[in-house]
Amino acid sequence: MTPMLHALICTDKPGHLEVRKANREAHLAHLNADPFVLQAGPFVDEAGAMSGSLILFDTEDRAHVEAFAAADPYAKAGLFADIRIEAWNRVVNK
C-alpha cells in the first residue's frame, strides 16, 4: 500500500498579491529547505494572478506539515485567509 501523503492548501486574502510578491523569495527558500516537499505551486485566479498555494508533502506526519505551515513566511506575513491540511492517498502517478 502506498503511504499517505499530505496536502497543504492555502487561500490568499483578497487584495494581498503584493504581500505574496514581497515574501515570495523567503517562501521559496522555506519550500526548498524542506526534504518532504514533493510538489508545490500557486493557484491562479481567472486573471492569471497568484491566489493561493498547494504543497504536497511526502510524509504521513501531519505535525510536520503543521509546523511547516506555521513557519511559512507567507503565513507569518498574514497572506492567507484559509489554511487546510488534508491527508491524501495518491492513486494515479503518471
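Here, residues in each chain are numbered from 1, in the same order as that chain's written sequence. The predicted nature of this model means local features are confined to residues of pLDDT at least 70 and side-chain atom pairs, given and counted, to a pLDDT of 80 or more, with totals for whole chains, interfaces and linings taken over all residues. Side-chain measures were taken over the full set of non-hydrogen atoms in the model, leaving aside hydrogen atoms and water.

### Observations regarding helix H2 (residues 62-71)
For clarity, the cut-off: For every residue, the accessible area obtained with a 1.4 Å probe (protein chains only) is divided by the maximum for its type, and the residue is called buried under 20%, exposed over 50%, and partly exposed between those limits. Strands are runs of DSSP state E lasting at least 2 residues, helices are runs of H or I lasting at least 4, and numbering of each runs from the N terminus. Summarising the geometry, the arc corresponds to the directions from the helix axis toward the C-beta atoms. Throughout, a contact is declared for two residues whenever any of their heavy atoms are within 4.5 Å. Any pair of N or O atoms that falls within 3.5 Å is considered a polar contact. Within protein, one atom must be able to donate a hydrogen and the other to accept it, and sequence-neighbouring residues count only if both atoms are side-chain atoms.
Those residues of H2 not exposed but buried are Val65, Phe68 and Ala69. All buried residues of H2 lie within an arc of 100° about the axis, which places them on one face of the element. Against strand E1 (5-12), helix H1 (17-33), strand E2 (37-44), strand E3 (50-57), helix H3 (73-76) and strand E4 (80-88) lie the buried residues of H2. Its side-chain oxygen at 3.1 Å from the backbone nitrogen of Ala63, Asp61 defines the N-terminal cap of H2.

### Concerning the environment of Phe43
Residue placement: Phe43 occurs in strand E2. Between the C-alpha atom of Phe43 and that of Leu54, which follows or precedes it by eleven residues, the distance is 7.0 Å. The residues contacting Phe43, other than those within four sequence positions of it, are Ile9, Cys10, Ala49, Met50, Ser51, Gly52, Ser53 and Leu54.

### Let's talk about the packing of aromatic side chains
Defined as follows: Aromatic rings from Phe, Tyr and Trp, taking only the six-membered ring of Trp, are treated as a pair when their centres fall within 6.5 Å; an angle between ring planes under 30 degrees marks them as stacked, one over 60 as edge-to-face, and anything in between as tilted.
Counting across every chain of the model gives two aromatic pairs. Seen from their ring centres, Tyr74 and Phe80 are 6.0 Å apart, and the 85° between their planes marks the pair as edge-to-face.

### Observations regarding the pairing of E1
Two faces belong to every sheet, and in a regular strand the side chains alternate between them. Note the following rule: Strands are treated as partners if at least two bridges between them are detected by DSSP.
Of all eight residues that make up E1, seven are buried, and the element is covered over most of its length. In this structure, E1 lies alongside E4, joined through eight bridges in antiparallel fashion. Counterpart to Leu8 in the pairing with E4 is Ile85. One ladder, built from six bridges, connects E1 with E3; its direction is antiparallel.

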